[in-house]
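Commentary on secondary and tertiary structure
Spelled out, the chains give:
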Amino acid sequence: MVEYKIEIERTLCIACGSCYSSDPVHFEPDQTTKSTVVGGIADENSSAGTFNDEEIEAAKEAQDSCPASAIIVTEQ
Ligand code: SF4
C-alpha cells in the first residue's frame, strides 16, 4: 500500500477529459467537465484527495498525460 495525494490545479484544467476517461478511480468531471478528485475536496481553483492503495501508477499516468500539466501526484 502506498499513501499518496492527488491535486488538480483546476485553473489550468482545459476539461479535455483525458484523466477521468483513463482513470475514473481517481478523477471525475464536475458540471463544467473540469476534473475533480474522486472523494476529495474541490473549489473553483483546485481539488485534492488522498488515497492509500495500489493504484498510484494509474494516477501518475493521468498526471503524465494531462496536456495542461494540471495534475500533481505526490507520495506521502
Ligand atoms: S487531463 Fe488535465 S486538462 Fe484534461 S480534464 Fe484532466 S486535469 Fe483537466
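Now for a quick tour of the structure.

Cut-offs used in this document
- Residues numbered from 1 in each chain as written.
- Predicted model: local features only at pLDDT ≥ 70, side-chain atom pairs only at ≥ 80, totals over all residues.
- Heavy atoms only, no water.
- Pairing = 2+ DSSP bridges.
- Helix = DSSP H or I, 4+ residues; strand = E, 2+ residues; numbered from the N terminus.
- Contact = heavy atoms within 4.5 Å.
- Axes fitted to C-alpha atoms, helices over the stretch in contact; angles between N-to-C directions.
- Polar contact = N/O pair within 3.5 Å; in protein donor to acceptor, adjacent residues only side chain to side chain.
- 1 Å grid on protein atoms, 1.4 Å probe; cavity = no way out; pocket = protein on both sides within 12 Å on 5 of 7 lines; lining within 4 Å.
- Points joined across faces, edges and corners; volume = space filled by probe spheres on them.
- Nonpolar A, V, L, I, M, F, W, Y, C, P; charged D, E, K, R; others polar.

1. Re the sheet that holds strand 1 (residues 2-9)
Spatial strand order, 4-5-1-6: four strands in an open sheet with antiparallel pairing. Across the chains shown, the open sheet's two edge strands, defined by having one partner strand only, are strand 4 (41-42) and strand 6 (71-75). Sheet strands touched by helix 2 (residues 56-65): strand 1, strand 5 (46-53) and strand 6. Its angle to strand 6, the strand with the most contacts, is close to 145°.

2. As for the side chain of His 26
Within the element layout of this structure, His 26 appears in the loop between helix 1 (18-22) and strand 2 (27-29). Of the polar contacts made by the side chain of His 26, one reaches the side chain of Tyr 4; its length is 2.8 Å. Leave out the neighbours within four places in its chain, and His 26 touches Tyr 4, Ile 6, Thr 36, Val 37, Val 38, Phe 51, Asp 53, Glu 55, Ala 58 and Ala 59.

3. Some thoughts on the environment of Thr 32
Looking at the secondary structure, you find Thr 32 in the loop between strand 2 and strand 3 (35-37). Counting along the chain gives 15 residues from Thr 32 to Ser 47, while the straight-line C-alpha distance between them is 14 Å. Engagement of the side chain of Thr 32 in a polar contact is seen with the side chain of Asp 30, the distance being 2.7 Å.

4. Things to note about empty space enclosed by the protein
Enumeration according to the criterion identifies one cavity of 30 Å³ or more in this entry. For the largest cavity, the calculated volume is near 120 Å³. Lining the largest cavity are 17 residues, and of these Cys 13, Cys 16, Cys 19, Cys 66 and Ile 71 sit closest to its centre. Of all elements in the fold, only helix 1 and helix 2 reach the threshold of two or more residues within the lining of the largest cavity. The residue makeup of the lining of the largest cavity, split by class, is 13 nonpolar, four polar and no charged.

Purely geometric stuff here, so don't read any function into it on its own.
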